[in-house]
Structures are given as C-alpha cells and as structure tokens.
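Observations on the three-dimensional arrangement
The primary structure of each chain is shown beneath.
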Amino acid sequence: GAVVSQHPSWVICKSGTSVKIECRSLDFQATTMFWYRQFPKQSLMLMATSNEGSKATYEQGVEKDKFLINHASLTLSTLTVTSAHPEDSSFYICSATPGHQTYEQYFGPGTRLTVT
Amino acid sequence: GDSVTQMEGPVTLSEEAFLTINCTYTATGYPSLFWYVQYPGEGLQLLLKATKADDKGSNKGFEATYRKETTSFHLEKGSVQVSDSAVYFCALRETSGSRLTFGEGTQLTVNP
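The following refers to the structure shown. (Residues numbered from 1 in each chain as written. Chains lettered and ligands numbered in written order. Predicted model: local features only at pLDDT ≥ 70, side-chain atom pairs only at ≥ 80, totals over all residues. Heavy atoms only, no water.)

Here we take up the overall build of chain B. In terms of helices and strands, chain B carries 0 helices and 12 strands. Listed N to C, the secondary structure of chain B is β-β-β-β-β-β-β-β-β-β-β-β in terms of helices and strands. Compactness check: chain B gives a C-alpha radius of gyration of 13 Å against a globular reference of 13 Å for 112 residues, within 12% of the reference. With the principal axes as the frame, chain B shows a C-alpha extent of 45 × 30 × 20 Å. Evaluated residue by residue, chain B yields a buried proportion of 45% over its 112 residues. In chain B, of all internal contacts separated by at least 6 residues, the share reaching a separation of at least 24 is 56%. For chain B, the accessible surface area stands at approximately 5300 Å², while carbon and sulfur atoms represent 47% of it. If the 9 positive side-chain charges of chain B are averaged to one point and the 13 negative ones to another, these points end up 8 Å apart. (Helix = DSSP H or I, 4+ residues; strand = E, 2+ residues; numbered from the N terminus. Rg over C-alpha atoms; globule rule 2.2 N^0.38 Å. Buried < 20%, exposed > 50% of the residue type's maximum accessible area, 1.4 Å probe, protein only. Contact = heavy atoms within 4.5 Å. Areas by Shrake-Rupley, 256 points an atom, 1.4 Å probe, with all protein chains shown as cover. Lys, Arg positive; Asp, Glu negative; His and termini not counted. Charge placed at Lys NZ, Arg CZ, Asp CG, Glu CD.)

Shown next as structure tokens:
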C-alpha cells in the first residue's frame, strides 16, 4: 500500500517551453502533497505544499508563477514548469500524505527534467 | 527553526564492515525521526523511524535509537552489503503537521 507514482520519469524540453509533471497517489487519498527539488549530490529542497482544493503554499524563494502547482483531486497533483530554462534542470520529487490517520509522507520515484 | 545535521560523506566501506552514520537534530517540540534511503535515479524510501525518546527503529538490519538527551538518531548496521550502496537521509517531523526537515544526505558506497 501507499504507492505514489510520477509521470513522466524523465523529460527533455527546449528552453522557453512548459512542462507538466504529474504526481498520483495510487491506493490512498492524499489530503496534502509536497513538491521537492533535488540538485545532484544534494538534499531535497521543499518547493511547495499543496492541499486538495486550495492554493499551494510556496517556500520562500520559489517563484509561484514559474512553478505552477495544482491539486485538483485527492489523488492527483501537478507541477508545471513554465517557460523552462536550463537552470530549471533538476530532479523533481513529490510526496503525498493521507493526513487524516497518518502524517507519513510517501514519496514518488522522481522526475528528471533536462532543459536544453 | 528545526534542523538536521548529518555526518559528512561520502562513506566508503568494504562488504561486511560496520556502518555508523551520525545524525543530530534541533527541534522545539518532540519530533518524529526518520531515515530514508535513495538509490541512484530513484525517489526516497522510508528505511526506519522512531516517534518518541528511546524508541529504536529497525529494518533490513539497520537500526537507529531516538536519543533525546543527545538529540541524536545515528544509523547503524552491523554488516553492510554492496546492495546497501545509496544515499541516506536523516529527517525529522514536528509533532504537528506533516512537514519534513531533511539532513544533507550521506553517500554510502560498499565495495565487494
């Protein structure tokens, strides 16, 4: 149980285009989802927290207009990187928590984004 | 605010060696403590956890004990295997909410 998937697992896009990454909780309803960014050989940096049906809460220094987060249902959250640039290339990881009975975070496998 | 500090890596060991990865934390309340493992190109997997002082988390031969007096949660394994090669993250979660605070991560390489 408690499986979180991400799609795509890797994506290459051209500079200036937008890319959408999906995060799904497959066997539970996720009241809260988190989006992290990880640079090579570094720790996870929390970008934003999203609760179903409400606006995401972004961490300081994260551009909300560039990293659009939508949590439209209890099993799906999306991260859209708008007008991507090479410096946005990174490993993006989502996690989800049921929230009601447990605050455990279950992590997705990550999405490798490369912007050329 | 909350913070987690891990021993600097990378750590390189021979198979069957003893492993210790140090982790200390700073928190205002009574956090839960976690160790996560990340294999190359993958997301994080929960390795073990402890929710209160003196609790011992264990899984797959790994152990860590929640020491409130030293604010530590060191990860240990008596005999490492090549398959244990990965990055290990120590993390804490405050008593209220689900937000995690991660340490810097420690790269472990086990050679045959």
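Here the narrative resumes.
Here we take up the packing of aromatic side chains. Residues and elements named next belong to chain A. Applying the stated criterion to the full structure yields 12 aromatic pairs over all chains. Taking 5.7 Å as the distance between ring centres and 40° as the angle between the ring planes, the aromatic pair formed by Tyr36 and Phe107 counts as tilted. In this pair, Tyr36 sits in strand β4 (residues 32-38) while Phe107 sits in strand β10 (residues 106-107), placing the two residues 71 residues apart along the sequence. In this pair, the class of Tyr36 matches that of Phe107, namely buried. (Phe/Tyr/Trp six-rings, centres within 6.5 Å; stacked < 30°, edge-to-face > 60°.)

Before going further, it helps to spend a moment on the pairing of strand β3 (residues 19-25) of chain A. Residues and elements named next belong to chain A. Burial along β3 is one-sided: the residues Val19, Ile21, Cys23 and Ser25 are buried and none of Lys20, Glu22 and Arg24 is. Pairing geometry for strand β1 (residues 4-7) and β3, over 4 bridges, is antiparallel. Looking at the pairing, Val4 lines up with Ser25 of β3. Of the strand pairs in this sheet, β3 and strand β8 (residues 76-81) are connected by 6 bridges, and their pairing is antiparallel. When the bridges of β8 are listed, Ile21 appears paired with Leu79. (Pairing = 2+ DSSP bridges.)

What follows deals with the sheet that holds strand β8 (residues 62-65) of chain B. All names here are of chain B. The strand order across the open sheet built from 4 strands is β3-β9-β8-β7, with neighbouring strands paired in antiparallel fashion. With one partner strand each, in any of the chains shown, β3 (19-21) and β7 (56-59) form the two edges of the open sheet. If you compare each strand with its neighbour and ignore which way they point, the axes differ by 15° on average. Alignment of β8 against strand β9 (residues 75-77), held across 3 bridges, turns out to be antiparallel. Paired with Glu63 across the bridge in β9 is Glu76. (Axes fitted to C-alpha atoms, helices over the stretch in contact; angles between N-to-C directions.)

With that settled, the discussion passes to the sheet that holds strand β7 (residues 67-73) of chain A. Residues and elements named next belong to chain A. Sheet architecture is open: 4 strands sit in the order β1-β3-β8-β7, paired in antiparallel fashion. Unpaired on one side and paired on the other, β1 and β7 mark the two borders of the sheet. Here the average twist between neighbouring strands, direction ignored, is 15°.

Our next topic: the interface of chain B and chain A. Each partner contributes residues to the interface: chain B has 17 residues there, and chain A has 17 residues. Both faces considered, chain B and chain A share a buried interface measuring about 1400 Å² in area, 51% of it formed by carbon and sulfur atoms. For the chain B face of the interface with chain A, the top three residues by lost area are Leu44, Ser98 and Arg99 of chain B, together amounting to 33%. Our count for the chain B to chain A interface comes out at 3 salt bridges. The partner of Glu104 of chain A in a salt bridge is Lys49 of chain B, and the shortest N-O contact between them spans 2.5 Å. The tally of links from chain B across to chain A stands at 5 residue pairs in polar contact (both at pLDDT 80 or more). When residues of the side of chain B that touches chain A are traced back to their parent elements, those giving at least two are β5 (32-38), β6 (44-50), β10 (86-93) and β11 (100-102) of chain B. Here the side of chain B that touches chain A takes 3 residues from β5 of chain B, the largest share from any one element. Residues of the side of chain B that touches chain A, tallied by class, amount to 6 nonpolar, 6 polar and 5 charged. (Buried area = accessible area lost by both parts, 1.4 Å probe. Salt bridge = Lys/Arg side-chain N within 4 Å of Asp/Glu carboxyl O. Polar contact = N/O pair within 3.5 Å; in protein donor to acceptor, adjacent residues only side chain to side chain. Nonpolar A, V, L, I, M, F, W, Y, C, P; charged D, E, K, R; others polar.)

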